[in-house]
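Summary of the model geometry
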Amino acid sequence: MDDFSMNTFKAGRMKLCVVFQLVLLTLSLSGCDLALALNHDPCGSISAKVLVAHVGSSHNITCSFCKEGTADKVQWKYGGNELPSSQIIKIGSNASMAMLINLALTSSKGGNLTCMTEEESYTVLIQTGYPPDAPRDMKCVTHNFTKLNCSWDRGRDTNIETNYICCCHFISRSPNCAQVGQVNFIESEFLLFNDRILQITATNELGTQTSEKFTVKESDIAFVPYTPKLKRVFKDPSNSQMMQVEWFEEGDTYGMDLKMIFQIQVLLAYDMQEVSVGNHSETLNYTHNRVLHTTWTSDMPLKCTSYLVRIRSIGNDEKTLFMGRKAWSEWSSPLKLEGQDVSNETSLKIYPVEGTVLEAGSNPAFCCVAGKGEHAETLTFDNLTSFIKLSDRSLAIRVPNVSPSIESGTNVVCKMSGEKYDGAVIFIGYPPDAPKNVSCETRDLQTLNCTWDPGRSTRLVSKRRTFYHLNTGSQNSLLCKEASQVYPDYWCAYPISNISGKTNITIHGKNPLGEAESSITVYVTRVFRPFAPYEWKREEVTRDSVTVSWSDRVDYTGIDLDCEIVIHDNLGKTMTLNRSVTGKGMNQWHTMTLTDLRPNTEYSIRARYSSVLFWKWSKWSDVAHAKTKIAPPSVKLDVWRTVMPNRTVTTYWKPLSALEANGPVLFYNVTWTKVGNGSINSNVEHGTDVQIHLDRAGYVITIVAQNAAGVSPPSVIKIPPQQDDENLGIERATGVGDGINVTWRGHLADNCGYTVQWCRLLSLPMCKVDWSKFPPDTTSATIKSDAFQVGVRYSLEVFECRSDGDHVLKKLIGYTRELAPAEGPQVEVNQTSVESVQIEWKDIPVEKQRGFVEGFKIYYSTLYNDSAASKPMTAVNQQAKIVLRPDQRAFKILGLEAGTTYNVGVRAFTKGGDGPSNMVTVTTPNSPIALILGITLPLIGFVVLGVVLSIFCYQKQEWIKDTFYPDIPDPTNSKVLQNGSFDQVVNLCKTLEPKDCTPNEVQVVEDKQRRAEGNKYIMTNQQGEDNSDSELQEGGVISYRPSSTSVETVGEPNPAFEAVAAVVPCVYPSEVTYTSIRGPGPAHQDRAGAVQLEDGMEVIVKSGYQPQVHVATNPVLDREQLDPAPHVNGYQPQMHKKSWSLDSGNLPTLEPESIGSPTSINSQAFLLPEMFGEELKVGGSKTWSLPFFNARTSSNPYSDDNLS
């Protein structure tokens, strides 16, 4: 077969190759089928009627036909699809074989494979599947504690018939095996306290699997009740939002009384969304099959949409002996409660309906249901638009914590398809509160009036408002009146039938949202509240009394009443009188005289009633106004005097108050009588002081106040005879914030009292005097006055009253409270010295001191610049000196620096704080010694430095000369020239031999082959530097032709010469011409004496004379290795060309355009490179002078050290 496949491959018959490969695969999987095919089946048959195969396996089916030659015409179909020819093999003339490769999973019923010709047809049923898995996850439950149902997990679906065998092993019994069939559970007897072992075997056409042994204990068994059966679901007739649910108890199925929990679930019928779930507990009676029920209240009317209700149960009995767990039963089949959205109604409905009253703060839901054939599109409540879709025809909107509506209600608007709108008005408010503060009283002992506070407003009006009724138990309820502007409270009037007894009163309120009531017990005589006195008026007025009269509003004849009279005067004082009166009939008058009143005073008088058994006061009566008549002043004047040295006496008195004057004071009568002769003088004054000029004698002054009714009691003050002034010192008084403390000691024990006089110190002698008088036994006082001001100095004097008049005891000055000074003292500089400043300052004006000055603070600081002068004088940036003597006015500041400017300030301080400072700027004079030292010390320093430098230069003059000005060595003293080695090298290399000459211009001119081959780049550089033939002709040309001789080396060879000679042997002679070279280019100098050899070796020449070796005469040398830049390895004058001098005493003067620096014979570059940068930019007119070469100070190859 393989050979045949190979041959077909070589022949290119690819299709036939594929066919035979499939045949080979098929035969390898089932070789017996080929043998069977070769032994043709009987005429008119198929190899199998039913084939059960594993998914993914391959099989051959042979079909034999009775008619010869039909094998070429066979058609195979599997599952209705024709098999490809690659899966069909002809076997003889009347047999055909179909190859089924990698069978797919069929349906559980299988698929037909059919072979057919025009005359014959044969079919085989093919089923594919899997061998069974081992059963697992055994679970056992009981529904009634009688039977035990155990189930297991089949595992993967085999897709073919699989049967199970269950073997049960009890500990006390032999194993019992039973055919279960194709189900995956087994029911057996439930036995308490008895464990069992179960083992399940699964068998089908493709294999057999046996589970592990499952040990089933009682704790592993679950009690799952039977699924409850719903009876019906319906709407509550009295509540549109309440649902009634009924189901059968089925207690007789359990055989015992059990406690059960039933869980009722409510779903939306439209989308099966859960709306509510609740539990209901019940104890089942196994002898009955009762109907149980429960209710569920929706947050919206049940008509809004359709609902589904289902139920399940779970055991809840803890007393049973069952040790297993409890589980929920399966859900029952749901029952449907239809809503308006499935009705045939064509009009839109809104729920709750128009006019519904809802409680504020609740969470209501509103819905609209469109008519049949229409759709609800939007639903709004007030400004809320977030609606919920309940069904195609129904929308709902939930309002959390709904607010009270306005009196006209809140709108619910629904929009239907086709721009149709409809709506309803909903009223939202509160249920009534229980009536508060229920109070009943009678005003006339005939009618009982009850009032109460209704509490919170229900926000409901019209027919939805709260209605109140009064009930007494013996009569029908009375409808009460509402509150109004006239009667702010709700109230009811109840006719009194029993004055002496008690009455039970109940106030009941009700509105659409609820009802409430309150009750009280009333004793009529204890709740009697009379009306206020009626027609209250004034009758008669005197200096100290007023007569008033009034009547009673109703007939109070024979009733004892308490009358309270309140009298207010124009000074704000109040007087209350209580009188007992007996009631009178209507239009009868009561009179009463009010005494002990003040003259010339306006009064407002009113009264009110109460019962003797006090309940409440009546309202106040009208106000009666009266003014008593004028009387003479009732008190004498408070008088005082001041006596000047010239015996001018000023007498003062304080005006009488309205209470004391008893009427307007017209004038004051002042009388003074001289002691001894009885002469009397008088004067009438309208002010509060009078000035009298007296002589040295004693006087008695009398003052009275006169009004229209008379004069006041006289006030007398005595002026003692003139005496010499006592020398009394002035003491300081202590302030207490709002006053001044004053103490004194009397001279006479039988004095008539003391007087303290004070005034502002600054206003003396014209100050306004004030005074206070004290009894004889007083020795101290705190003087207070509304006129006192803080920070103001007051003068006080204490007088003692004696038989002949008042004598001064003590003089004081003081402040109620001290403040910091308002300004600083004026500072002046008195004297300055190198280290001190003497300052003086003036007193602060008394009005600016605002306290007793306790000392001064002197501040000073250094003034560094102009800005420092404006800095404030604070303790932070200045030094302070404190002067504790308040009378000191000068101070000397020591320890200052000479020639320094200072800010100096002085500030005063009191107990109230520091005042501001006044500054002055002062500069201390310079010290003469410091000035002298400042000049002489720098001079001495320069002199000493010059001497030291001179001594150093003298001692180091040789070193300085060698370092900065070394001698130029003489080449004739060189050992190199003496031993002949230099001549040998010169002859060998044909190098230029210098002669004594003074050329003006130097130019290297080479001929023969050297010019063409060896130094082409040199000639190029030469042409670049000087491209003018005329310039070459202007200078003189000196030719030098050294002979080519061989020189033997004598003595120590020079390594540099050996290296150069080895590399660049001189073959061609050179012709040298010196001409002018203008404007040398920048030289790029390598290390001194460095020569790069052809093989990479580098020779360093550190010292000695270095001849100008021609490095380009060897035609073999690689030109690319040559550096076209000039290399400076010879003698180098070390000084900038600007410093070269054209003057020389040894050589004749050169031409202005000549130069004296030697150049290489191979180039026009200078041996000494010029400085880079800006120093290169010099004109061609600058030249070098040859005499300069005798004075160079740089490293010199002709020095003695180098020539040795």
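Residues numbered from 1 in each chain as written. Predicted model: local features only at pLDDT ≥ 70, side-chain atom pairs only at ≥ 80, totals over all residues. Heavy atoms only, no water.

Considering the confidence of the model for the protein
Residues of the protein with pLDDT of at least 70 account for 74%, and the chain-wide mean is 77. In the predicted structure, residues 1005-1204 sits below a pLDDT of 50 and forms 333 contacts with residues beyond four places in sequence or in another chain. (pLDDT = per-residue confidence, 0-100. Contact = heavy atoms within 4.5 Å.)

Describing the packing of aromatic side chains
For the structure shown, the criterion picks out 25 aromatic pairs. Judged by centre distance (6.2 Å) and plane angle (65 degrees), the ring pair of F145 and F190 falls under edge-to-face. You can see F145 sitting in the loop between β10 (136-142) and β11 (147-153) and its partner F190 sitting in the loop between β14 (185-189) and β15 (196-204), a full 45 residues away along the chain. When sorted by exposure, F145 lands in the same class as F190, which is buried. Aromatic side chains Y652 and W771 sit 6.3 Å apart centroid to centroid with 45 degrees between the ring planes, which places their arrangement in the tilted category. Note that Y652 is positioned in strand β50 (residues 648-654) and W771 in strand β61 (residues 770-774), a separation of 119 residues in sequence. Y652 gets classed as buried once you look at its relative accessible area, which sits at 16%. Taken together, the ring pairs connect F145, F190, F223, Y226 and Y254 into an aromatic cluster. Over the face of the ring belonging to F234 we find R232, whose NZ or CZ atom lies 4.0 Å from the ring centre. The ring of W589 carries K537 above its face, with NZ or CZ at 4.5 Å from the centroid. (Phe/Tyr/Trp six-rings, centres within 6.5 Å; stacked < 30°, edge-to-face > 60°. Helix = DSSP H or I, 4+ residues; strand = E, 2+ residues; numbered from the N terminus. Buried < 20%, exposed > 50% of the residue type's maximum accessible area, 1.4 Å probe, protein only. Lys NZ or Arg CZ within 6 Å of the ring centre and 35° of its normal.)

Things to note about the pattern of salt bridges
Oppositely charged side chains are able to pair whenever their charged atoms sit close together. Going through the model one piece at a time under the given rule, you end up with 27 salt bridges. With a shortest N-O distance of 3.0 Å, E374 and K420 are connected by a salt bridge. Taken together, the positions of E374 in the loop between β29 (365-369) and β30 (376-381) and K420 in strand β34 (residues 420-429) put the pair 46 residues apart, joining distant regions of the chain. Of the residues examined, K420 reaches a relative accessible area of 40% and is grouped as partly exposed. Salt-bridge contacts for D638 lead to K773; the nearest nitrogen and oxygen are separated by 3.9 Å. Highlighted residues: D638 in strand β49 (residues 638-643) and K773 in strand β61, separated in sequence by 135 residues. Judged by its relative accessible area of 30%, D638 is partly exposed. Looking at K773, the relative accessible area reads 44%, which means it is partly exposed. Each of D638, K654, D770 and K773 takes part in salt bridges that share partners, so that together they form one network. (Salt bridge = Lys/Arg side-chain N within 4 Å of Asp/Glu carboxyl O.)

Some details on the nonpolar core
Ranked by internal contacts, the top residues of the largest apolar core, which has 49 residues, are M138, M243, W247, F262 and Y307. For this core, the element with the most residues is strand β21 (residues 259-268), which contributes five residues. Within the second largest apolar cluster, 25 residues are counted, among which are L694, I701, A705 and I719. (Core = buried A, V, L, I, M, F, W, Y, C linked by side-chain atoms within 4.5 Å.)

Regarding the environment of W331
On the secondary structure map, W331 appears in the loop between β25 (325-326) and β26 (335-337). Residue W331 is classed as partly exposed on the basis of its relative accessible area of 24%. Taking C-alpha positions, W331 is 9.4 Å from I264, a pair spaced 67 residues apart along the chain. When sequence neighbours within four positions are dropped, the list of residues in contact with W331 reads T227, Q263, Q265, R310, I311 and R312.

Looking at unusual backbone geometry
A cis amide bond links Y351 with the next residue in sequence, P352, at an omega value of -10 degrees. Considering the arrangement of structural elements, one finds P352 in the loop between β27 (349-351) and β28 (357-359). Although it is not a glycine, N401 sits at a positive phi angle of roughly 50 degrees. On the basis of relative accessible area, N401 is assigned to the exposed category, the value being 52%.

Details of the side chain of T924
As for its placement among the helices and strands, T924 is situated in the loop between β72 (918-923) and α6 (928-955). Contacts of T924, omitting those with residues within four sequence positions, involve S833, V834, V837, L896, E897, A898, G899, T900 and Y902.

Concerning the sheet that holds strand β36 (residues 447-453)
Spatial strand order, β35-β36-β39: three strands in an open sheet with antiparallel pairing. At either margin of the open sheet sits one strand with a lone partner, and together these are β35 (436-442) and β39 (490-495). Averaged over all neighbouring strand pairs, the angle between strand axes comes to 20 degrees, with direction disregarded. As paired strands, β36 and β39 are joined by six bridges and run antiparallel to one another. Within β39, the residue paired with W452 across the bridge is Y490. (Pairing = 2+ DSSP bridges. Axes fitted to C-alpha atoms, helices over the stretch in contact; angles between N-to-C directions.)

Considerations on empty space enclosed by the protein
Counted under the stated rule, the structure contains four cavities of 30 Å³ or more. Its volume calculated, the largest cavity comes out at about 40 Å³. Considering the residues around the largest cavity, the lining is formed by ten residues, among which F223, L258, G315, D317 and K326 are closest to the centre. Within the lining of the largest cavity, the residues separate by chemical class into four nonpolar, three polar and three charged. (1 Å grid on protein atoms, 1.4 Å probe; cavity = no way out; pocket = protein on both sides within 12 Å on 5 of 7 lines; lining within 4 Å. Points joined across faces, edges and corners; volume = space filled by probe spheres on them. Nonpolar A, V, L, I, M, F, W, Y, C, P; charged D, E, K, R; others polar.)

Examining the sheet that holds strand β4 (residues 75-78)
Taking strand neighbours across the sheet as the criterion, the five strands line up as β2-β9-β8-β4-β5 in an open arrangement whose pairing is mixed. Either end of the sheet is taken by a strand with one partner, and the two such strands are β2 (50-54) and β5 (81-82). Here β4 runs beside β5; their pairing, made up of two bridges, is antiparallel. Paired with K77 across the two strands is E82, which belongs to β5.

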